[in-house]
Amino acid sequence: MHTPQDDLLVGQTFSHYRIGEKLGVGGMGVVYKAEDARLHRHVALKFVSAELTGDADALRRFQREARSASALNHPHICTVYDIGEQDGRSFIAMEFLEGATLRDRLDAGPLGASAAIDIGVQIADALEAAHAAGIVHRDIKPANIFIGSRGHVKVLDFGIAKMRDVDAAQADVTTVTATRHGAVIGTAAYMAPEQARGETVDHRADIWSLGLVLYEMITGTRLNPGLKVQFDGKPELERIVSKCIASDRALRYQHTGDLRIDLERLKHASPQPSENARAGRWLVVAFAAVAVAAVTAYIFYPRRASALTDKDTIVLAEFTNTTGEVVFDDTLRQGLAVQLQQSPFLSLLSEERIRRTMLLMNQPADARLTQELAHGVCARTGAAAVLSGSIAPLGSQYVLGLRATECTTGDILADEQAQAARKEEILSTLSEIATRFRTRVGESLATIQKHSMPLEEATTPSLEALKAFSAAMRTHLTSMRLPLLQRAIELDPEFVMAHAHLGFRYSTLGESALAQESLVKAYQLRHRTSDRERFYIETLYDRDVTGNLERELRTLDAWAQSYPRDTVASSLPAGLALSSTGQHERAIAHAEKTIAMDPDSAPAYSNLARNLLSANRPDDALLAIRRATERKVEAEGVRLISYLVAFLKGDHEALARARTAARTRPDLEDFIPHLEALALARVGRLQDARRASVIPVEIAQRSGRRERAGLFEAARAVWEAFYGNAAAARQSAGQALARGRGRDVDYAAAFALALSGDLQQSRSLAEHLAREYPEDTSVQFMYLPALRALFALDDGNPAAAIEAVQIASRYDLALGRIGFVGRYGGLYPIYVRGLAYLAARQPAQAEGEFQRIVDHPHITLVDPMSGLARLQLARALVLSGDPVKATKAYDDLFALWKDADADVPVITQARAEFDKLSRQ
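Here we summarise the structure given alongside this text. Quick caveat: nothing in here was measured; it's all calculated off a predicted structure.

Procedures and definitions
Residues numbered from 1 in each chain as written. Predicted model: local features only at pLDDT ≥ 70, side-chain atom pairs only at ≥ 80, totals over all residues. Heavy atoms only, no water. Helix = DSSP H or I, 4+ residues; strand = E, 2+ residues; numbered from the N terminus. Buried < 20%, exposed > 50% of the residue type's maximum accessible area, 1.4 Å probe, protein only. Areas by Shrake-Rupley, 256 points an atom, 1.4 Å probe, with all protein chains shown as cover. Pairing = 2+ DSSP bridges. Axes fitted to C-alpha atoms, helices over the stretch in contact; angles between N-to-C directions. Left-handed = near helix turned anticlockwise from the far one by under 90°. Contact = heavy atoms within 4.5 Å. Nonpolar A, V, L, I, M, F, W, Y, C, P; charged D, E, K, R; others polar. Polar contact = N/O pair within 3.5 Å; in protein donor to acceptor, adjacent residues only side chain to side chain. Phe/Tyr/Trp six-rings, centres within 6.5 Å; stacked < 30°, edge-to-face > 60°. Disulfide = S-S within 2.5 Å. Expected span 1.5 Å × (residues − 1). Arc of directions from axis to C-beta.

A separate point is the overall build of the protein. Looking only at helices and strands, one finds 41 helices and 17 strands in the protein. Counting the 920 residues in the protein, one finds 57% classified as buried. Here the protein displays about 37,100 Å² of accessible surface, and carbon together with sulfur accounts for 51% of that area.

Written as structure tokens, this is what we have:
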């Protein structure tokens, strides 16, 4: 309810928000447009109405809205930035949105099936995320759905949402309670039956409400109770809505994700053309073929060959372009590749394998793959066919052609042509003939219908943007790829896969903030992509945005099931999701499977070598590297693992060779000096380590990699803290945060600050991590448990520390995400658990934790923490009353620190402890 007092807020400043115009009034509050003076952006500021400021129930609901929404970070949920109170008025600062509510849109009439499905997909996507986080909205209705520019949907008002423990049983999700007036919470017209009766409800109540909203969007009217859902000529849509609103919730969709998938399939299903329509188009195609006989080689009729099978591979040649328009060069081949990669039946020979084979044919790796060269590649790789394309002028129009020929016989498998009246229709025409090609070579109509999105929707309607993207895909140089992808996005800001690949490249550079910006955009637009591309985007989104590695693995499993011959789906699990969670044997199997499908896959060799090393099989890792070298496969990871294996084996000559080779790679020019600085710190040569640590920071900064520079600086902060140099640790932590923020930089800085006594700032960083990354596997199960245990130890409560870090045990010895000392952040909870046991005077348990670290040098490698673990092991053995073993542990430690600087506080203390032990 709005009161005159609410109007007095205009022009006032609350906290750092200056209030502007009033945007709207709701049942319990009023919303204003405001300016955030700190970040110089507009926000929506929501206040409890002045009349309700003393109403405890209203304030609880208001706070619940902030907690529920802030627990979610999703492109289709309105973001909550802040919550505060001033002069007795509570407020929420939220994302400022421009557009209208769905209620406003429906007041103008029904939206129709197509728009309803599109909006429904986005609402279901938001609810899927909320339900996964244990939140049930309980008030889904048109007034709580906001439609922004370009039809982008946001779910609003989590004021009556209920939260649960995500591990709790579904039946215990939430109980509806009465308001102060004795009414059931929610909006009656959209309530599920069980909600209206005041019974226990779960996420299926939201599915009911969404079903009613879908019906209203399609028809413009609310569904009367008891009436059957009917949409003329749309039986599948009838089935979906009817299933949503089944009175028995056991008969509804049991998971919102299933509803989203059904809506997406319905959205992307395209009606097949009638036989008459096909015949009409064929006449046009036949006429076009005759008209361009002078400029195309397609007007002859060799013997036809049999169709392809799902075991065959195709080599995709360059298009023959006789138009004189360079915009078609490379572009149409890239577009055709995207179109054909939607098919689970077809398999294209990878670009990496084509380049490798071209080198074996004494051709430059970047030579144009003409039809003649493509046949040579086809024969050498054992592929089944070459697919070549052409584009030719026909007056002011264009004729496109595709031809697939067997490699060995030259027999034609398929021959397709179509005419485009103007340049703007070329991509849609290419989609049309690609779909016909898939039918001709043996793919089933069912898979074509399921996996066939028009090219201009799956990529971009802009030929110029597609050309820039094509050029980016052809180069391996990050310095060239980034600007090309950025150019593609400038030409088409909604080019989904350009955003996705840009995010991936930023991620590989360690720039997580930039990666997240691009990947969130791709995720928001993923409904415009093919199924395969959507799998790719959702994988990267969980890998680099939410950090939910378990869900990433589920997506990858679904991807591999849908596209069993897709080498990307096979290789990605080993790249982060499996290796980061300690599942090295599974990662090895994935990498080997990828190599079997594509012997020139650089990521597969990198993943194989890395996981073999992590599984303590360094000799096998060297064999994997040798296999890659023999095939002349270049990969960043291969050279990095060569360096680490040489370090592990103590092979100084191999280490020097690996160091020299790795430094020729732009992606490693800063990382190898970083590892060398860590190695120096590990043996206690801190003066040398400090000088060496400047180099990677300077290289990263010079290359514009701010977060990477912050990561290197944060690593220094950690080892300074380990060695007792508290002031230096705090200084480096501050510099790291100033250079470039990110989840790993923040964790490293927080860890160093906690060890060096700045608990206030460390706690602040931990709270930021918890708030910003509620789903992140590494943050929630490795980073925060370690930090919270350190806080408990500082409070003198070792029992609480032990309890805090126990949750991390499920990922003990896992590598973590990127980590701040290479890729080994997952070991730190073990170290902190050992400290907690020591503080609790449980030496046997402490010994076990520190011994696990000492026993895994293939994981610790250059990490300075490995030396400190030896020190703590010795202390645990002293405490347990075993001087013989303790002496041996100190001897091993001082052998490691034999060349250490003389003035390192922890080393000085360790020598004093050893002298005392020796005198006993």
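Okay, the sheet that holds strand 9 (residues 145-147) next. Taking strand neighbours across the sheet as the criterion, the 3 strands line up as 7-9-10 in an open arrangement whose pairing is antiparallel. A strand with exactly one partner marks an edge of an open sheet, and here the two such strands are strand 7 (100-101) and strand 10 (153-155). As judged from the 2 bridges shared by strand 7 and strand 9, these two strands associate in the antiparallel manner. Each residue of the ladder has a partner; that of Thr 101, found in strand 9, is Phe 146.

Ordered by their spatial adjacency, 6 strands build an open sheet running 1-2-3-4-6-5, and the pairing between neighbours is antiparallel. Only two strands of the sheet have a single neighbouring strand rather than two, namely strand 1 (13-14) and strand 5 (80-86). The pairing of strand 3 (residues 29-36) with strand 4 (residues 41-48) spans 8 bridges and is antiparallel. The residue of strand 4 that forms the bridge with Val 31 is Lys 46.

Time to look at the packing of helix 19 (residues 512-524) against helix 20 (residues 531-546). Where helix 19 contacts helix 20, the two axes come as close as 9 Å, and the packing angle between them is 145°. Where helix 19 crosses over helix 20, the handedness of that crossing is left-handed. The residues of helix 20 that touch helix 19, namely those facing Gln 516, Leu 519, Val 520, Ala 522 and Tyr 523, are Ile 537, Glu 538, Leu 540, Tyr 541, Asp 544 and Val 545. When grouped by side-chain class, the residues that make up the contact of helix 19 with helix 20 number 8 nonpolar, 1 polar and 2 charged.

Our next topic: the environment of Arg 333. Tracing the chain through its elements places Arg 333 in helix 10 (residues 331-340). Residue classification places Arg 333 among the buried residues on the basis of a relative accessible area of 9%. Put simply, Arg 333 and Gly 389 are 56 residues apart on the chain and 7.8 Å apart in space, counted from C-alpha to C-alpha. When near neighbours in sequence (up to four residues on either side) are disregarded, Arg 333 contacts Leu 316, Ala 317, Glu 318, Phe 319, Glu 351, Ile 354 and Leu 369. There is a polar contact of 3.0 Å between the side chain of Arg 333 and the side chain of Glu 351.

Aromatic ring pairs are described here by two measures, namely the spacing of the ring centres and the angle between the planes. All chains considered together, the criterion is met by 24 aromatic pairs. Look at Tyr 215 and Phe 231: their rings are 5.6 Å apart centre to centre, the planes differ by 40°, and that puts the pair in the tilted class. In this pair, Tyr 215 sits in helix 6 (residues 204-219) while Phe 231 sits in the loop between helix 6 and helix 7 (235-244), placing the two residues 16 residues apart along the sequence. Each member of the pair, Tyr 215 as well as Phe 231, carries the same accessibility label: buried.

Another aspect to go through is the state of the cysteines. Summed over all chains, the structure comprises 1 disulfide. What pairs with Cys 378 in a disulfide is Cys 407, and their sulfur atoms sit 1.4 Å apart. Because the sign of the S-S torsion sets the handedness, a value of about 55° for the bond joining Cys 378 and Cys 407 places this disulfide among the right-handed ones. Taken together, the residues span a long stretch of sequence, with Cys 378 in helix 12 (residues 371-381) and Cys 407 in the loop between strand 16 (397-406) and strand 17 (412-420) at a distance of 29 residues. With respect to burial, Cys 378 and Cys 407 carry one shared label: buried.

It is worth spelling out the pairing of strand 14 (residues 314-321) at this point. Of all 8 residues that make up strand 14, 6 are buried, and the element is covered over most of its length. Direction of pairing for strand 14 relative to strand 15 (residues 385-394): parallel, over a ladder of 6 bridges. Its bridge partner lying in strand 15, Ile 314 is registered against Ala 385.

Let us now look at helix 33 (residues 759-772). Across its 14 residues, helix 33 extends 20 Å between first and last C-alpha, which sits within 8% of the 20 Å expected from 1.5 Å per residue. All of the buried residues along helix 33 are Leu 759, Ser 762, Leu 765, Ala 766 and Leu 769. The arc enclosing the buried residues of helix 33, seen along the axis, measures out at 125°, which places them on a common side. Within helix 33, the exposed residues directed more than 90 degrees away from the buried face are Gln 760 and Glu 767.

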